[in-house]
Structure formats: structure tokens, C-alpha cells
Amino acid sequence: MSAILTATGAANQYYNPGTRWTSLGSTSGLVFNPLAAVYNGSIWCAVGNTGRFATSSNYSTWTSGTNGAVDAVYDIAWNGSVFCAVYNFAYVYTSPDGSTWTQQTGLRTAWGTLATTNTKIVWTGTYFVALSSSGRVARSTDGVTWTSYSTLSSTSWASNSCGALFWSGSNLYAATLGGGDTAISTGQGATYPYRDWE
């Protein structure tokens, strides 16, 4: 990804090519507040709650729609072939183009039916890795079939949701929303040795 897109409202988008933030001003066709967005090299795909999504190739003109999801969305990633968006209760929706979406239940199967909140997802170049509330970890190559791994065991991970998850190119870095816990993994989600943030 060569740029970052964020929003403070449907009409206030900001673009960062890696040097400074630039206001894009008023946007056309974006009728909701995006909660997560990702760029696949050709288009932006933004997602919001209750199945809202939008795509854009120029940051300013958007095509919006709905994908059938009814829950809160938490994050989205791109693996070179499909967009993968994660929602409450571990529901996943995948799309090859950001417009046509398919519900996937593999993550829900891997984690069980317990509610999972604030799930974050990244693509490591090999796997989608998802990290959710209570330190639940899972990974997938395609967003369809998921394998669950041992959870993070610290007290704060057991009682707080994931606030951030990043892939550095060699390590996964994660942090809770509360409690101040962090974790670093060198196994792309297969193991998550806990240690204090340095």
C-alpha cells in the first residue's frame, strides 16, 4: 500500500502518500462514515457498519452499496486477490473487486460462537491474520478457511479488545484498546509470544 486514507466524516477525506496529509475536500457518492479502508493498487475499498461499502479509484468520487452484513465492521485487508472484511461475531465478507461480496463463516467456525469485538486483520504476504477480543488469533490464506491458534494469555488481553494490529514485513505488532498490553509475533500468527512493548 502506497498511501493512507482516513475520514472524519463522509465529506472530509484525507490522503497521505507518505509525506503529509492532504484534504480531499467534499466527496461524491460516499454516503456513510468509513470505519476502515484499504488500497489494492487500483481502487480504494472502504467499509462501514451494517454492510456499507464504497469503492473509488480517485479518492473523491465513490460508488457506495451494501453487502448484506448486519453487524459492526472492524477492519479490512487485501491479499492481492480479495478484500477481506471482518465484522462482529467473527463474520467475514470477501470480495474480488470491492463490489460483489460473499459471506464466509470459517472464522466464526474457528473461534466458535462467542462474540468477538474489535477484530483487526492484516495481510502478511502469506496469511490474513485476525486478532480479536480476549486475544483470539486466527489466520487464513484466502479469507475462507481459518485456523485458530493459542490466545494471548496476559490479564489485559483476556479482558480487553484488540486496538491495533500491524505487519512490519517481518513481525506482527498488536496492542489492546485498554490495559496497555502489547505483543510481538514472529510466526505470522501461529504463535504470539507476549512481551512488553519496547
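Now for a description of the structure that goes with this document. (Residues numbered from 1 in each chain as written. Predicted model: local features only at pLDDT ≥ 70, side-chain atom pairs only at ≥ 80, totals over all residues. Heavy atoms only, no water.)

Now for the sheet that holds strand E11 (residues 102–104). Whether parallel or antiparallel, the strands of a sheet pair through hydrogen bonds between backbone atoms. Read from one edge to the other, the open sheet built from four strands follows the order E8-E9-E10-E11, with strand pairing classed as antiparallel. Two strands close off the open sheet at either side, each with one partner strand: strand E8 (73–78) and E11. Each strand of the sheet is rotated relative to its neighbour by a mean of 25°, with strand direction disregarded. Pairing of strand E10 (residues 92–95) with E11 involves three bridges; the strand directions are antiparallel. Its bridge partner being in E11, Val92 is matched across the sheet by Gln104. (Pairing = 2+ DSSP bridges. Helix = DSSP H or I, 4+ residues; strand = E, 2+ residues; numbered from the N terminus. Axes fitted to C-alpha atoms, helices over the stretch in contact; angles between N-to-C directions.)

Right, let's talk about the packing of aromatic side chains for a bit. For the structure shown, the criterion picks out five aromatic pairs. Here the aromatic rings of Tyr39 and Trp44 are separated by 5.0 Å at their centres, their planes lie at 35°, and the arrangement is tilted. Here Tyr39 and Trp44 have matching classes, each one buried. Note that Arg139 overlies the ring of Tyr127, its terminal NZ or CZ placed 3.9 Å from the centroid. (Phe/Tyr/Trp six-rings, centres within 6.5 Å; stacked < 30°, edge-to-face > 60°. Buried < 20%, exposed > 50% of the residue type's maximum accessible area, 1.4 Å probe, protein only. Lys NZ or Arg CZ within 6 Å of the ring centre and 35° of its normal.)

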